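# Observations on the three-dimensional arrangement
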Amino acid sequence: MSTPFELVCPAGGLPALKAAVDHGADCVYTGFRDATNARNFTGLNFDDKSLKEGIAYAHQRGVKVFVALNTYPQTDNWPGWTAAVDKAAAFGVDAVILADPGLMDYAHRTHPQLRLHLSVQGSATNYEAINFYHERFGIQRAVLPRVLSLAQVEHVVKHTPVEIEVFGFGGLCVMVEGRCALSAYTTGTSPNCQGACSPGKAVRYEETPRGMETRLNGVLIDRFAPGERAGYPTLCKGRFEVDEETYYAIEEPTSLNTMELLPELMRVGVKALKIEGRQRSPAYVAQVTQVWRQAIDACRRDREHFKPTPAWMAELNKVSEGQSATLGAYNRPWK
């Protein structure tokens with residue numbers, strides 16, 4: 001193929017960034033160690049020193065670095081978000097990933113040379129919205145929310161000059177990105193403004209006579225039997241009693257895996273495939289990046305005959321949430 005198809009990998013810290021770069025990422029995406037990004041968890045993200053080192057490490061090896069500034073600033077903290085844009089530009093990042101239109105306007109006016117990407121948190125699911133951001137703020141790439149079928153993705157690609165990036169592997173979110181209220185309702189902390197869904201300070205694990213219980217701000221999210229893996233408590237992936245039946249009433253814990261769709265994603269003109277997981281370990285990043293690098297290269301060599309190998313799928317299943325995978329909204333056989 002003459003058009004590059006980029007592999008965009010998560011970097012929750014410097015070791016993860018290096019793991020992504022060393023195992024075949026074309027781009028890595030990062031965040032500052034504050035509420036300006038949507039993975040604002042304790043122990044994650046970059047201070048100034050580590051980000052400068054990470055950018056140098058990546059650029060020396062031909063890998064791009066994107067910084068996610070994809071939460072929504074409020075009136076009383078606006079200067080913190082504009083300062084983050086200024087810092088990203090000064091550090092020489094290859095793009096910033098934004099959700100808030102006001103912040104896009106600031107970045108576009110203040111740093112016209114800075115490449116802007118529309119975050120999945122912007123919830124742009126149609127080409128009219130994407131084209132508006134392009135015409136008004138110069139957005140050059142848009143990350144689509146994980147709610148569109150493959151046919152809808154193709155329709156968007158055909159009607160916009162903006163590069164389209166899609167999620168290819170990792171955790172799913174049942175809420176429309178940028179509009180989640182469940183965590184904010186339970187904890188009082190908005191993931192869209194403070195950057196942390198189910199913040200660690202609200203999480204509790206407790207052994208009880210009935211099993212391991214996980215709670216979020218005192219709310220029982222799940223109860224696990226002996227030997228059952230206790231997942232991180234997020235409201236949308238809890239088990240609840242409904243009509244005297246206990247089950248995952250909102251969303252089952254599973255990972256998106258679109259590897260079998262790679263030929264179609266390339267055919268319709270998708271520009272980049274994104275791996276979710278800035279909160280995951282460097283080992284996860286290395287393993288997933290290596291597998292997807294091999295798969296993308298194989299598909300580029302022979303798209304017509306591409307098929308995921310059992311070895312690739314086995315490696316990805318090891319790190320999938322719930323040890324299961326789905327095509328999510330990309331595959332809707334009833335449509």
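Calculation notes
- Sequence order as written defines the numbering, with residues in each chain counted from 1.
- This being a predicted model, a pLDDT of at least 70 is required before a residue's local features are given, and a value of 80 or more before pairs of side-chain atoms are given or counted; all residues contribute to the totals for chains, interfaces and linings.
- Side-chain calculation: all heavy atoms of the structure are included, whereas hydrogens and water are not.
- The criterion for strand pairing is that DSSP finds at least two bridges linking the strands in question.
- Here a helix means four or more residues in a row that DSSP labels H or I, a strand means two or more in a row labelled E, and each is numbered from the N terminus.
- A fitted line through C-alpha atoms represents every axis, and for helices the fit uses only the stretch in contact; the resulting angles, taken between N-to-C directions, go from 0 to 180 degrees.
- Partly exposed residues are those whose accessible area sits between 20% and 50% of the maximum for their type, while under 20% is buried and over 50% is exposed, using a 1.4 Å probe and protein chains only.
- Here the term right-handed applies to a crossover when the path leading from its first strand over the helix to its second strand runs clockwise, the strands being oriented away from the viewer.
- Stacked, edge-to-face and tilted labels apply to pairs of Phe, Tyr and Trp rings (six-membered ring for Trp) whose centres lie within 6.5 Å, assigned for plane angles under 30 degrees, over 60, and everything in between, in that order.
- Any angle that falls under 35 degrees is termed roughly parallel, while one over 145 is termed roughly antiparallel, one within 65 to 115 roughly perpendicular, and all others oblique.
- Handedness of each helix crossing follows the sense of rotation of the near helix against the far helix: counterclockwise by less than a right angle gives left-handed, clockwise gives right-handed.
- Residue contacts are counted whenever heavy atoms from the two residues lie within 4.5 Å of one another.
- A 3.5 Å cut-off defines polar contacts: any pair of N or O atoms within that distance qualifies, except that in protein one atom must be a possible hydrogen donor and the other a possible acceptor, and neighbouring residues in sequence count only when both atoms are side-chain atoms.
- Nine residue types can take part in a nonpolar core, namely buried Ala, Val, Leu, Ile, Met, Phe, Trp, Tyr and Cys, and a core is a set of them joined through side-chain atoms within 4.5 Å.
- Here a salt bridge means any side-chain nitrogen of Lys or Arg lying within 4 Å of a carboxyl oxygen belonging to Asp or Glu.

Spatially, β8-β9-β10 is the arrangement adopted by the 3 strands of the open sheet, whose pairing is antiparallel. Strands with a single pairing partner mark the edges of an open sheet, and in this sheet they are β8 (203-208) and β10 (219-224). Direction aside, the axes of adjacent strands within the sheet are offset by 25° on average. Taken together, the 6 bridges between β8 and strand β9 (residues 211-216) define a ladder with antiparallel strand orientation. Residue pairing across strands places Val 203 opposite Leu 216, the latter belonging to β9.

Burial of the side chains of strand β2 (residues 27-30) extends over both faces: Cys 27 and Tyr 29 are buried on one face and Val 28 and Thr 30 on the other. Across 3 bridges, the pairing between strand β1 (residues 6-10) and β2 is parallel. Across the sheet, Cys 9 pairs through a bridge with Val 28, a residue of β2. Each parallel crossover has a hand, and the one from β1 via helix α1 (residues 14-22) to β2 is right-handed. Pairing of β2 with strand β3 (residues 64-69), which is carried by 4 bridges, proceeds in the parallel orientation.

A separate point is unusual backbone geometry. With phi around 80°, Asn 45 is a residue other than glycine that occupies positive phi space. Tracing the sequence through the fold places Asn 45 in the loop between β2 and α2 (48-60). One non-glycine residue, Asp 243, lies in positive phi territory at about 50°. Examined against the element boundaries, Asp 243 turns out to sit in the loop between β11 (239-242) and β12 (245-248). On the basis of relative accessibility, which here comes to 75%, the residue Asp 243 falls in the exposed class.

Once that is clear, we can look at the packing of aromatic side chains. Under the criterion given, the structure shown has 5 aromatic pairs. A ring pair is formed by Tyr 133 and Phe 137, whose centres lie 6.2 Å apart and whose planes are at 35°; its orientation type is tilted. Here Phe 137 and Tyr 133 lie together in helix α5 (residues 127-137), a separation of 4 residues that amounts to about one turn. For the pair formed by Tyr 133 and Phe 137, the shared burial category is buried. Aromatic side chains Phe 306 and Trp 312 sit 6.1 Å apart centroid to centroid with 20° between the ring planes, which places their arrangement in the stacked category.

Across the interface, helix α9 (residues 282-301) lies against helix α10 (residues 310-318) with an axial gap of 10 Å and an inter-helix angle of 150°. Between α9 and α10, the crossing angle belongs to the class labelled roughly antiparallel. By crossing handedness, the relation of α9 to α10 is classed as left-handed. Residues Gln 287, Val 288, Val 291, Trp 292, Gln 294, Ala 295 and Ala 298 of α9 form the contact with α10, whose own contacting residues are Trp 312, Glu 315, Leu 316 and Lys 318.

Attention shifts here to α1. For an α-helix, the turn length of 3.6 residues means that residues three or four places apart are oriented alike. Of all the residues in α1, the buried ones are Leu 14, Ala 16, Leu 17, Ala 19, Ala 20 and Val 21. Those residues of α1 hidden inside the fold are in contact with β1, β2, α2 and α9. Once α1 ends, the next one or two residues include Gly 24, with phi positive near 115°.

Turning our attention to the side chain of Asn 45. Relative accessible area serves as the criterion here: at 3%, Asn 45 is assigned to the buried category. At 2.8 Å, the side chain of Asn 45 and the backbone oxygen of Arg 39 are in polar contact. Engagement of the side chain of Asn 45 in a polar contact is seen with the side chain of Arg 278, the distance being 3.3 Å. Once residues within four sequence positions are removed from consideration, Asn 45 is found in contact with Gly 12, Gly 13, Gly 31, Phe 32, Arg 33, Asn 37, Arg 39, Asn 40 and Arg 278.

So, about the environment of Val 291. Relative to the helices and strands, Val 291 is located in helix α9. By relative accessible area, Val 291 is classed as buried at 5%. The sequence separation of Val 291 and Asp 76 amounts to 215 residues, and the corresponding C-alpha distance is 44 Å. Each residue touching Val 291, except ones within four places of it in the same chain, is listed here: Met 259, Trp 312, Glu 315 and Leu 316.

Our next topic: the nonpolar core. Judged by nonpolar contacts, the single largest core of 84 residues is most densely connected at Val 28, Leu 69, Ile 130, Met 259, Leu 262, Ile 275 and Trp 292. Excluding residues within four positions of it along the chain, Leu 262 makes contact with Phe 5, Leu 273, Trp 292, Ala 295, Ile 296, Cys 299 and Phe 306. Grouped together as the second largest cluster of nonpolar side chains are 8 residues, Tyr 29, Phe 66, Ile 97 and Ala 272 included.

Looking now at the pattern of salt bridges. All told, the structure shown has 23 salt bridges when counted by the stated rule. Among the ionic pairs, Asp 26 bridges to Arg 293, the shortest N-O distance being 3.0 Å. Here the residue Asp 26 occupies a position in the loop between α1 and β2, and Arg 293 occupies one in helix α9, the gap between them amounting to 267 residues. Asp 47 is the partner of Arg 33 in a salt bridge, and the nearest nitrogen-oxygen pair spans 3.9 Å.

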